[in-house]
Amino acid sequence: MTTRPGPPAELPGPLELAPADWSVGDVYHVLTALVVPRPIAWVSTVGADGVPNVAPHSYFNLVSHDPPHVAFSTTAVRDTLTNLRARPEFVVNVVTMDLVEPMNLTSADFPPEQDEFRWAGLTAVESRTVGVPRVGEAKAHLECRVVHELAVGTATLVIGEVLHLHVDPEVWRDGRVDPRLLDPVCRLAGSGYAALGDVFRLDRPRWTDLERQEADARRNQG
């Protein structure tokens with residue numbers, strides 16, 4: 001059997017890598033270290049037996065806003081996916097720095113009959129539009145219904161339409177969610193996490209302004 005090389009301790013030059021060159025695990029560590037920081041979908045579901053589940057998924061993002069849709073993926077048929085196939089509803093509970101420890105606890109490989117809300121000391125709060133509980137301690141929630149399930153390689157991508165949003169007033173300022181007050185957890189590679197860090201703004205450039213600047217520069221050169 002041919003053994004594929006793994007990542008070197010040091011790079012003598014730029015890395016040029018095809019995914020097939022290394023093992024799946026080695027490529028995974030490179031990708032998850034490059035695509036950072038990632039938001040975490042702390043997804044709550046309910047099984048066919050009525051047992052609630054909550055588990056973190058770091059392959060997650062907003063994919064549309066009109067109407068709003070989110071997507072997350074799972075690399076195995078775990079409780080979240082099994083539950084969604086029985087009841088196609090879920091809640092994305094936003095993970096903030098004060099909840100990082102209970103979030104991490106719910107990432108354990110609990111048996112399906114175990115209630116992660118109870119193990120993590122979380123409050124299961126009734127949602128407004130879906131039959132799945134929210135994490136009461138979370139400062140924001142997106143209540144969703146599944147609209148698509150797609151196989152992507154060995155992963156399953158779940159796309160959900162957002163039916164209802166809940167935002168706690170303590171993270172709201174001047175008509176918007178203040179990211180510094182929200183204090184979300186950022187996912188890195190391996191067991192790495194990070195806080196949000198510095199927040200800055202950049203105005204999006206407009207073509208008319210860019211065109212005018214180029215014309216001004218040409219006139220100045222002439």
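All values reported here derive from a predicted model rather than from experimental measurement.

Chemist: I'd like a rundown of the nonpolar core, residues and numbers included.
Modeler: Counting residues in each nonpolar core, the largest one holds 13 residues, and the members touching the most others are Val70, Phe72, Phe90 and Val92. Listed by contribution, the elements that provide at least two residues to this core are strand S1 (41-46), strand S4 (68-74), helix H2 (79-86), strand S5 (89-94), strand S8 (140-152) and strand S9 (155-167). Beyond its immediate chain neighbours, meaning those up to four positions away, Val70 contacts Phe60, Asn61, Leu62, Val63, Phe90, Val92, Leu142, Cys144, Val158, Ile159, Gly160 and Val162.

Chemist: Tell me about the pairing of S5, and name the residues and values.
Modeler: Bridging between S1 and S5 involves four bridges; their strand directions are antiparallel. Its bridge partner lying in S5, Val43 is registered against Val92. Sheet topology note: the S5/S8 ladder contains five bridges and is antiparallel. Along S8, the bridge assignment pairs Asn93 with His141.

Chemist: Describe the pairing of S9, with residues and values.
Modeler: Where S4 and S9 come together, six bridges link them in antiparallel fashion. Within S9, the residue paired with Ala71 across the bridge is Ile159. Count of turn residues in the S8/S9 antiparallel hairpin: two residues, of which Gly153 carries a positive phi of about 60 degrees.

Chemist: Quick one: what's the story with the environment of Gly190, residue by residue and with numbers?
Modeler: Here Gly190 shows up in the loop between strand S12 (186-187) and strand S13 (193-194). Spatially, the C-alpha atom of Gly190 lies 22 Å from that of Glu16, the residues being 174 residues apart in sequence.

Chemist: Explain the packing of aromatic side chains to me, using residue names and the numbers behind them.
Modeler: All told, the structure shown has two aromatic pairs when counted by the stated rule. For the ring pair Phe72 and Phe90, a centre distance of 5.4 Å and an interplane angle of 75 degrees mean the geometry is edge-to-face. Of this pair, Phe72 sits in strand S4 while Phe90 sits in strand S5, and the two are 18 residues apart along the sequence. Arranged with centres 5.6 Å apart and planes meeting at 45 degrees, the rings of Phe110 and Trp119 form a pair that is tilted. Just above the ring of Tyr193 sits the side chain of Arg187; from NZ or CZ to the centre is 4.5 Å.

Chemist: Requested: an account of the pattern of salt bridges, with residues and values cited.
Modeler: Applying the stated criterion to the full structure yields 10 salt bridges. When the shortest N-O distance is used, the salt bridge between Asp178 and Arg173 registers 3.6 Å. On the basis of relative accessible area, Arg173 is assigned to the partly exposed category, the value being 45%. Close ionic contact of Asp209 with Arg212 constitutes a salt bridge, the shortest N to O distance being 2.9 Å.

Chemist: Pulling in residues and values, what's your account of the side chain of Thr156?
Modeler: By the secondary structure assignment, Thr156 is in strand S9. Classification of Thr156 by relative accessible area gives buried; the value is 12%. With residues up to four places along the chain from it excluded, the contact list for Thr156 reads Phe72, Ser73, Thr74, Leu81, Arg85, Glu149 and Leu150.

What counts, and where the lines are drawn
Residues numbered from 1 in each chain as written. Predicted model: local features only at pLDDT ≥ 70, side-chain atom pairs only at ≥ 80, totals over all residues. Heavy atoms only, no water. Core = buried A, V, L, I, M, F, W, Y, C linked by side-chain atoms within 4.5 Å. Buried < 20%, exposed > 50% of the residue type's maximum accessible area, 1.4 Å probe, protein only. Helix = DSSP H or I, 4+ residues; strand = E, 2+ residues; numbered from the N terminus. Contact = heavy atoms within 4.5 Å. Pairing = 2+ DSSP bridges. Phe/Tyr/Trp six-rings, centres within 6.5 Å; stacked < 30°, edge-to-face > 60°. Lys NZ or Arg CZ within 6 Å of the ring centre and 35° of its normal. Salt bridge = Lys/Arg side-chain N within 4 Å of Asp/Glu carboxyl O.

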